[in-house]
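The chain contents come next:
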Amino acid sequence: MANVDAKKDMKNLANIRNANLAGHVGFDSLPDQLVNKSVADGFCFNILCIGETGIGKSVLIDTLFNTQFNSVPASHDLPNVRLKAHTYDLRESNVRLKLTVVDTVGFGDQIDKSDSYKPIVDYIDAQFEAYLQEELKVKRALHFYHDTRIHVCLYFIAPTGHSLKSLDLVTMKKLDTKVNIIPVIAKADTITKAELLKFKQKIMVELVSNGVQLYQFPTDDETVADVNNAMNGHLPFAIVGSMDEVKVGNKMVKARQYPWGTVQVENENHCDFVRLREMLLRTNMEDLRENTHAKHYELYRRCKLQEMGFADNETMSLQETYEQKRNQHLAELQRKEDEMRQMFVVRVKEKEAELKEAEKELQTKFENLKKMHADEKKKIDDKRRMLDEEIAAFQRRRTAVTNTMAQATTISKKKK
């Protein structure tokens with residue numbers, strides 16, 4: 001299908017003719033119009049920070065945007081992973097930015113970490129689904145819609161110096177088709193430069209061998225191709241974050257002060273913070289936004305529409321596809337209704353058979369009880385008859401004895 005579309009596009013391009021203008025028209029101001037409109041509307045940028053509690057996610061975000069977002073520290077005893085989003089309105093010169101920072105609270109703190117990635121995947125899909133629902137509305141308001149789709153995922157790797165944890169590999173593998181992933185080694189000042197270099201190489205080997213697709217800084221634009229190509233070789237970035245200012249020489253710089261020396265955040269010989277900020281905010285922010293919409297959201301949208309029955313079919317219009325899907329849905333409902341009706345009839349018959357069997361059993365029990373009652377009654381009648389006969393015999397004997405005694409009394413009186 002992709003080849004067919006490409007051939008069709010090439011055919012359409014072949015039918016386009018070039019025309020020369022006789023003078024100035026004015027549409028060369030379109031880029032300026034676009035810039036003015038974009039500046040007036042403002043921009044949005046959404047960052048997802050994934051990493052263990054206390055690894056330095058909040059400090060890095062504060063350092064990146066040179067402000068205190070006053071995030072609340074999380075505890076280590078949460079039963080599951082929760083995603084917490086905070087939105088801030090920022091302004092630099094005349095450019096407004098609506099920044100949303102999403103933190104994975106409790107990530108990696110559970111004993112069973114097998115499902116730690118699921119809340120993150122569900123959250124990203126939920127943002128895609130919200131945008132898709134807005135896009136499918138009859139009366140859309142995308143111009144005013146607050147786009148919450150994640151544009152970049154900063155994945156914080158613990159500076160162990162050994163290898164990636166299985167949780168890191170599983171999570172990045174589940175997310176690489178849904179979000180632009182930029183891995184960073186947090187608290188890079190805790191390991192030596194030699195260990196850091198080996199650690200970087202080992203991380204990239206593990207990611208490649210496990211098929212994890214990281215975000216690659218684009219090299220198709222000649223103005224940034226060289227620097228982006230060089231920065232792709234620095235992944236993952238080894239970063240140090242700090243809002244503390246320390247006096248070094250004659251100037252104040254952001255740094256971390258240790259007994260053995262000072263680690264300067266914006267010194268490229270000390271860490272990759274400047275490289276990360278340059279790539280993330282100053283060079284490739286718009287590409288991250290476009291890649292989210294054109295690649296990750298488009299993949300989600302295509303899969304969802306295919307689930308709904310829509311497909312790229314040149315022989316059928318959208319209305320015909322809708323009618324076909326509607327008819328299929330109605331046919332499926334009718335089939336299910338028929339199945340339920342048949343199932344109901346079968347169950348009714350089964351119930352009737354059960355009731356008849358129960359009635360038969362009750363009738364048998366009733367007959368048995370009736371027979372037992374008749375037998376008991378007969379036994380009682382026989383006993384009663386025998387008792388009446390015994391009473392009659394006793395009365396006869398009693399009468400005979402009484403008569404005999406009376407005769408004896410009469411005889412004795414006569415003799416006197």
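Residues numbered from 1 in each chain as written. Predicted model: local features only at pLDDT ≥ 70, side-chain atom pairs only at ≥ 80, totals over all residues. Heavy atoms only, no water.

Colleague: I'd like a description of the overall build of the protein, backed by residues and values.
Modeller: The number of helices and strands found in the protein is ten helices and nine strands. In terms of C-alpha radius of gyration, the protein reaches 45 Å, well past the compact-globule figure of 22 Å for 416 residues. With respect to the three principal axes, the spread of C-alpha positions in the protein is 175 × 70 × 40 Å. Within the protein, buried positions represent 31% of all 416 residues. Taking the intrachain contacts of the protein between residues at least 6 apart in sequence as the baseline, contacts between residues at least 24 apart amount to 68%. Within the structure as shown, the protein displays about 28,300 Å² of accessible surface, and the carbon and sulfur contribution to it stands at 54%. Mean positive and mean negative side-chain charge positions of the protein (64 and 62 charges, respectively) differ by 14 Å. (Helix = DSSP H or I, 4+ residues; strand = E, 2+ residues; numbered from the N terminus. Rg over C-alpha atoms; globule rule 2.2 N^0.38 Å. Buried < 20%, exposed > 50% of the residue type's maximum accessible area, 1.4 Å probe, protein only. Contact = heavy atoms within 4.5 Å. Areas by Shrake-Rupley, 256 points an atom, 1.4 Å probe, with all protein chains shown as cover. Lys, Arg positive; Asp, Glu negative; His and termini not counted. Charge placed at Lys NZ, Arg CZ, Asp CG, Glu CD.)

Colleague: Tell me about the sheet that holds strand β2 (residues 82-92), residues and numbers included.
Modeller: Taken in spatial order, the six strands make up an open sheet running β2-β3-β1-β4-β5-β6, and their pairing is mixed. Taken across any chain shown, the strands that pair with only one partner, and hence form the sheet edges, are β2 and β6 (237-238). Here β2 pairs with strand β3 (residues 95-105) via eleven bridges, running antiparallel. Bridging across to β3, Arg82 finds its partner in Val105. (Pairing = 2+ DSSP bridges.)

Colleague: Can you break down the sheet that holds strand β9 (residues 261-264) residue by residue, with the values?
Modeller: Adjacent strands of a sheet pair through backbone hydrogen bonds, lying either parallel or antiparallel. With respect to topology, three strands assemble into an open sheet ordered β7-β8-β9, the strand pairing being antiparallel. Two strands close off the open sheet at either side, each with one partner strand: β7 (245-248) and β9. Between one strand axis and the next, the sheet turns through 65 degrees on average, direction left out of account. Across four bridges, β7 lies against strand β8 (residues 251-258) in antiparallel orientation. Each residue of the ladder has a partner; that of Glu245, found in β8, is Lys254. (Axes fitted to C-alpha atoms, helices over the stretch in contact; angles between N-to-C directions.)

Colleague: How would you explain empty space enclosed by the protein if you had to name every residue and give the values?
Modeller: Sizing a probe to match a water molecule and rolling it over the atoms shows the empty space that remains. Using the criterion set out here, one finds one cavity of 30 Å³ or more in the structure. Lining the largest cavity are Gly51, Glu52, Ile55, Phe107, Tyr155, Phe156, Ala158, Lys165 and Asp168. Tallied by class, the residues present in the lining of the largest cavity amount to five nonpolar, one polar and three charged. (1 Å grid on protein atoms, 1.4 Å probe; cavity = no way out; pocket = protein on both sides within 12 Å on 5 of 7 lines; lining within 4 Å. Points joined across faces, edges and corners; volume = space filled by probe spheres on them. Nonpolar A, V, L, I, M, F, W, Y, C, P; charged D, E, K, R; others polar.)

Colleague: Give a detailed account of the packing of helix α4 (residues 118-135) against helix α5 (residues 166-175), specifying residues and quantitative values.
Modeller: Where α4 contacts α5, the two axes come as close as 10 Å, and the packing angle between them is 15 degrees. As summarised for this structure, α4 and α5 are arranged roughly parallel, according to the angle between their axes. The way α4 lies across α5 gives a crossing that is right-handed. Contact residues: Ile120, Val121 and Ile124 in α4; Thr171, Lys174 and Leu175 in α5. Tallied by class, the residues present in the contact of α4 with α5 amount to four nonpolar, one polar and one charged. (Parallel < 35°, antiparallel > 145°, perpendicular 65-115°, else oblique. Left-handed = near helix turned anticlockwise from the far one by under 90°.)

Colleague: Now, about the pattern of salt bridges: what can you tell me, with residues and values included?
Modeller: Applying the stated criterion across every chain, the model contains 23 salt bridges. Taking the shortest distance from any N to any O, the salt bridge between Arg277 and Glu266 comes out at 2.8 Å. Placement of the pair is Arg277 in helix α8 (residues 273-283) and Glu266 in the loop between β9 and α8, with a sequence separation of eleven residues. You can call Glu266 partly exposed: its relative accessible area is 42%. (Salt bridge = Lys/Arg side-chain N within 4 Å of Asp/Glu carboxyl O.)

Colleague: Describe the layout of surface pockets, listing the residues and the values that go with them.
Modeller: The space that makes up the largest pocket amounts to roughly 860 Å³. Lining the largest pocket are 26 residues; nearest its centre among them are Gly42, Phe43, Cys44, His143 and Arg289. The set of elements that each furnish at least two residues to the lining of the largest pocket consists of α2 (30-41), β1 (43-50), β2, β3 and α9 (285-307). It is α9 that contributes the most residues to the lining of the largest pocket, five residues altogether. Residue composition of the lining of the largest pocket, by class: nine nonpolar, seven polar and ten charged. Along the walls of the second largest pocket sit 19 residues, with Phe65, Glu92, Leu97, Leu281 and Met285 positioned nearest its centre. Elements represented by at least two residues in the lining of the second largest pocket include exactly α3 (57-65), β2, β3, α8 and α9. Of the residues in the lining of the second largest pocket, the class split is eight nonpolar, two polar and nine charged.

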